[in-house]
Every structure is written in structure tokens, then in C-alpha cells.
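A closer look at the structure
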Amino acid sequence: MLFGCEGICLSLGGRQILSDIALEAKPGEILGLVGPNGAGKTSLFEVLCGRYTADQGQVTLEDHDITTLAFHRRARMGVARTYQSPVVPASLTVGETFRAARKSHKPYRSRHDAEWAARLTHLRVPWDTPATVLGAFDRRKLMLACLMLRGPKVLLMDEPASGLINAEIDELDLIIRRLVDEYGIGVVLIEHRLELLAAVADHCIVLDLGEVIASGTPRDVFDNPRVHEAYFEGVDA
Ligand SMILES: Nc1ncnc2c1ncn2[C@@H]1O[C@H](COP(=O)(O)OP(=O)(O)OP(=O)(O)O)[C@@H](O)[C@H]1O
Ligand SMILES: [Mg+2]
């Protein structure tokens, strides 16, 4: 198995947030993780990347049990993660951000590598632009490009389409698809809009109130009555 978890249970502040969650990310595939607001999607990412410690369950990377490894050690082993809000360094330009990312990798990555990562993520801005001046999509591209310098095996993306317009979402899909098809990365992609995932995911898991309520192809989960109930409960027809 490339990357996955099983039996994950998590409680925060005395509340059960995740119950018995299992998932598997395969190389060269996009696994969509969907669910209404508050379903536990981001909390699951926190467990997978090592910022939260689960009460129970295992996280596995290439047959290694990484459940108790710290965030930075998982990152070094190839677990990369993007965040719901595209936060960029407050005082660095695009070029300086790349430089910091290059130097954080041993052996150091070259400027040529950074140029490759910028092309891969369609980041077409002058490198002397302050990172905070970038719009939402360019911020996401910059952070993704920096992660690509690390040669990740699995990429956990938390709502990468949030704040983007439709044309940008189409471009994002192309970028992600390329990472998966050409570099064999396994992507887990959080999105709370089912219809956006249908366009890009190979397989989907639906979370509601901290539990997996459906799993299958995007079409399977679209047609699943439990999923409709979770999304549209209380909404008058
Ligand atoms: N640090 C925390 N302490 C206590 N409760 C938390 C904490 N973080 C998240 N929660 C709760 O856990 C539940 C799941 O939150 P989470 O952010 O994982 O959901 P989500 O599916 O990512 O939602 P969204 O689509 O809004 O991003 C929510 O009820 C939230 O209030
Ligand atoms: Mg979230």
C-alpha cells in the first residue's frame, strides 16, 4: 500500500470527531474525500500528517507504520500537505520563498528545480513579486510548487479549489492530474462540493459526522441515498 489508514478514532475537547476511518491512496490515483462542513475531513488530514495523534488506529506509508512519527519526519518520508487557506510567507518574494524551500531539502534543490516546479504548477509570475501580493490561485500554485521540490509520494490537498473561479478550477484539475499521471503521486483531495470531485477523482470517500458513510466511484457516491441525506437533510425540495 502506498499510503493509508485504518481504524482511526479521534476525540477533541471531549467530543468524538472521527470514528473508525479507513482509506487508501494509490500511486497515480486521486482519492476524493468529501463531506459536509464539520464532517471531520481536515481533522483526518491532521491525523494523517501527524499534527494530531489519534486515540486509535494506524497510518501507513509504503508498508511502514508511521502512526507515531512526528509531522516533519512524515514530511521527509514523502507525505506532503496543503491547507484550506493558502498562507504564504509574510515577508518573502516568490523567489525567496522558492529559495527557502530549496534550502530546506537535503541535498539542496537547484534553482533549475524551482523553475521546473513553477512550470509544473503553471506559476507564471515575476519572482520578485512579494508572495502576499499573489491572488488565491497563485498562492496555491506557489505552495504546491514548493512541495513538489520535496518529491512527495503522497499529496494531501485540503480544499484546493476554495476561493477559485471555474476556469481556475479547470486549470487546477489539469495540474493535479499531471502530478498524478506523470509523477505517480497518490493524491487525497478534500472538497465539499461533490460535483467538483466527480470531474477529477478516481475514487471517493464520503464522511459525515466523523464516519465514512459511502465509498466508491464518484458516480456511486452521487447516487447513494445516504449521501443525499447527509447533504440535503432539512433542505426543502
Ligand atoms: N481543535 C479542535 N478542538 C475541538 N473541536 C474541533 C477542533 N478542530 C475541529 N473540531 C471539530 O471537529 C469537527 C470536524 O471539523 P473539521 O474541521 O475536521 O471538519 P471539515 O470536514 O474539515 O469541515 P469544513 O468543510 O468546514 O472544512 C467539527 O465539529 C469541529 O468543530
Ligand atoms: Mg476542513
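An account of the accompanying structure is given in this report. None of the values given here were measured: they were computed from a predicted structure. (Residues numbered from 1 in each chain as written. Chains lettered and ligands numbered in written order. Predicted model: local features only at pLDDT ≥ 70, side-chain atom pairs only at ≥ 80, totals over all residues.)

With respect to the overall build of the protein chain
The condition is simple: Strands here are runs of E lasting at least two residues and helices are runs of H or I lasting at least four, both read from the DSSP assignment and numbered beginning at the N terminus. Our radius of gyration looks at C-alpha atoms and nothing else; its globule reference is 2.2 Å times the residue count to the power 0.38. To sort residues by exposure, count the other C-beta atoms lying within 10 Å of each residue's C-beta; 20 or more gives buried, 12 or fewer gives exposed, and values between give partly exposed, all with C-beta atoms placed from the backbone. In this description, any two residues whose backbone-derived C-beta atoms lie within 7 Å of each other are considered to be in contact.
The helix and strand inventory of the protein chain stands at 9 helices and 10 strands. Here the C-alpha atoms of the protein chain give a radius of gyration of 18 Å, agreeing with the 18 Å that 2.2 N^0.38 yields for 237 residues. Each of the three principal axes of the protein chain carries a C-alpha extent, and together these read 50 × 40 × 35 Å. Counting over 237 residues, the protein chain shows a buried share of 38%. Sequence-distant contacts, at least 24 apart, represent 67% of the contacts inside the protein chain between residues at least 6 apart.

Description of helix 4 (residues 111–120)
Worth spelling out the cut-off: By construction, the arc corresponds to the directions joining the helix axis to the C-beta atoms.
Listed in full, the buried residues belonging to helix 4 are Ala114, Ala117 and Ala118. Buried positions in helix 4, seen along its axis, are confined to an arc of 100° and lie on one side of it. Within helix 4, the exposed residues directed more than 90 degrees away from the buried face are His112 and Arg119. Buried-residue contacts for helix 4 involve helix 3 (94–103) and helix 5 (136–148). His122, located one to two residues past helix 4, shows a positive phi value of around 60°.

Regarding the environment of Gly78
Structurally, the position occupied by Gly78 is in the loop between helix 2 (71–77) and strand 6 (79–82). Residues Gly78 and Pro152 lie 74 residues apart in sequence; the distance between their C-alpha atoms is 4.3 Å. Excluding anything up to four places from it in sequence, Gly78 contacts Leu61, Pro152, Lys153 and Val154.

A word on the sheet that holds strand 9 (residues 203–208)
Put simply, the test is: The pairing criterion is simple: DSSP has to find at least two bridges between the two strands. Only the stretch in contact is used when fitting a helix axis, every axis being a line fitted to C-alpha atoms; angles between N-to-C directions are given from 0 to 180 degrees.
Taking strand neighbours across the sheet as the criterion, the 6 strands line up as 6-7-8-3-9-10 in an open arrangement whose pairing is mixed. One side of each edge strand has no neighbouring strand; the edge strands of this open sheet are strand 6 and strand 10 (211–216). Each strand axis lies, on average, 15° off the axis of its neighbour in the sheet, ignoring direction. Lying over the sheet, helix 9 (residues 225–232) contacts strand 9 and strand 10, oriented at roughly 130° with respect to strand 10.

Things to note about the sheet that holds strand 2 (residues 15–25)
What the 4 strands build is an open sheet, ordered 2-1-4-5; its pairing is antiparallel. Looking at the sheet topology across the chains shown, the edges are occupied by strand 2 and strand 5 (64–65). Docked against the sheet, helix 1 (residues 41–49) engages strand 1 (3–12), strand 2 and strand 4 (56–61), running at close to 115° with respect to strand 1.

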